[in-house]
Amino acid sequence: MKMNELEQLRQIIGESTNIVFFGGAGVSTESNIPDFRSESGLFNAQSKYGFRPETMLSHSFFINHPQQFFEYHLNEMIFPDAQPNSAHIALAKLEQQRKLRAVITQNIDGLHQLAGSRKVLELHGSVLRNYCLNCGAKYGIDFMLKHRQDIPHCLDCGGIVRPDVVLYEEGLDSRVVDAAERYISNADVLIVGGTSLVVYPAAGLINYFRGRKLVLINKSVTDYDRKADLIVRDSIGAALKYAVGE
Ligand code: ZN
C-alpha cells in the first residue's frame with residue numbers, strides 16, 4: 001500500500017460533503033464477478049458459445065438467437081451468491097454519513113444496493129429486474145434462474161421476459177444519464193474506480209465534472225490520468241476501506 005496516496009484520499013474524503021462515485025467492472029471483480037470484457041471473459045465466451053460477449057449481449061443477437069442469448073446471460077452474467085465487498089460497504093457508509101450524494105455504476109449486479117446504498121444510478125440497468133416484452137409484467141431474478149436451460153416466458157401472457165439491462169445496440173435510459181450528468185456536474189469530489197473509462201458513456205460523463213478534486217482509483221493507466229488530482233494504484237476495496245475507515 002502506498003500510504004501517501006491513501007492518506008491523501010482520506011483527507012479529500014474527509015473534507016467533502018458532496019462526493020460522487022463513478023464505478024465500473026473493477027468494483028465488482030473484487031466480489032468475484034468477472035469482467036466479461038476481460039481476456040478470460042472473451043476466451044470463455046468464444047470457446048464455450050462460439051461468439052464474442054459483445055455479440056451475445058447485443059439487441060440483434062437477443063432477437064435472432066433468444067435461446068443462446070438466455071443461455072449466456074443466465075449462466076455467465078448472473079452471480080446470485082456474490083456479496084458486496086469493501087468498496088460497496090465503504091460507499092454505503094459514506095452515503096449514510098451524508099458525504100456521498102450518488103453512486104453511478106456501469107455494473108448490473110445490484111451489489112451497491114445490497115450493501116445499503118440508496119442513491120444508485122445504474123447506467124446499464126440491473127439483472128435483478130426483468131420484464132415481459134409483451135405486457136410489461138415484472139419478474140425478479142429467482143424466476144429467471146429457473147429458466148437457465150430455456151427461454152423465460154411470462155406467466156400471464158406467454159411473452160418473452162427479458163432482463164432490464166442495456167444491451168449493445170440499445171440506448172441508455174436518458175433519465176439515468178441526465179441524473180448522472182447532474183450529479184457529476186454538481187459534485188465537489190468525483191471518485192472514479194474500476195473503469196478504464198473507454199466504455200460509453202463513461203468518458204463523456206467524466207467531462208461534466210467541474211469540481212475541486214478528481215480522484216482515480218485504478219490499477220491500470222487511463223486517458224484521464226493527466227486530468228486527475230490524485231491517482232490511487234490500488235484495489236478499490238482496500239483503498240476505500242482505508243480512506244473511509246472501519
Ligand atoms: Zn406478459
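Scroll up to find the structure.
Presented here is a report on the structure given in the accompanying data block. For every chain, the first residue of its written sequence is number 1, and the numbers climb from 1 along that sequence. Reporting in this predicted model follows two pLDDT cut-offs: at least 70 for local features of residues, and 80 or more for side-chain atom pairs to be given and counted; totals over whole chains, interfaces and linings ignore these cut-offs and use all residues. Side-chain numbers come from the whole structure's heavy atoms, not from hydrogens or water.

### Quick look at the sheet that holds strand β6 (residues 161-165)
- Within the open sheet, the three strands sit side by side as β5-β4-β6. Their pairing is antiparallel. A single partner strand is all that each edge strand has here, and the edge strands are β5 (138-139) and β6.
- The sheet contact formed by strand β4 (residues 125-132) and β6 spans five bridges and is antiparallel. Among the inter-strand pairings, serine 126 is bridged to a residue of β6, identified as aspartate 164.
- Sheet contacts for helix α6 (residues 66-76): β4 and β6; angle to β6, the most-contacted strand, approximately 50 degrees. Pairs of strands are assigned from DSSP output, requiring at least two bridges between the strands. Where helices and strands are cited, they refer to DSSP runs of H or I of at least four residues and of E of at least two residues respectively, numbered from the N terminus. Any two residues whose heavy atoms approach within 4.5 Å are treated as being in contact. As a rule, the C-alpha atoms of each element are fitted with a line to give its axis, helices using only the stretch in contact, and angles between N-to-C directions run from 0 to 180 degrees.

### Some remarks on unusual backbone geometry
- Look at arginine 98: it is not a glycine, yet its phi comes out positive at around 60 degrees.
- Here arginine 98 lies in the loop between α7 (86-96) and β2 (100-105).
- Positive phi outside glycine occurs at glutamate 169, with the angle close to 80 degrees.
- Looking at where glutamate 169 falls in the secondary structure, it is placed in the loop between β6 and α10 (174-186).

### Points about the coordination of the zinc ion
- Within the protein, the atoms that donate to the zinc ion are Cys132 (SG), Cys135 (SG), Cys154 (SG) and Cys157 (SG), at distances of 2.3 to 2.4 Å.
- Only nitrogen, oxygen and sulfur atoms within 2.8 Å of the metal, or 3.2 Å for Na, K and Ca, are treated as donors, and water is left out, so sites may look incomplete. Here a site with four donors is tetrahedral if all angles are between 85 and 135 degrees, and a site with four or six donors is square planar or octahedral if opposite donors are over 155 degrees apart and the other angles are between 65 and 115; anything else gets the irregular label. Given four donor atoms and angles of 96 to 116 degrees at the metal, the environment of the zinc ion is assigned as tetrahedral.
- Classification of cysteine 135 as partly exposed rests on a relative accessible area of 42%.
- According to the relative accessible area criterion, cysteine 157 is partly exposed, its value standing at 34%. Think of it in three bands: residues with accessible area under 20% of the maximum for their type are buried, residues over 50% are exposed, and the middle band is partly exposed, with areas taken using a 1.4 Å probe on protein chains only.

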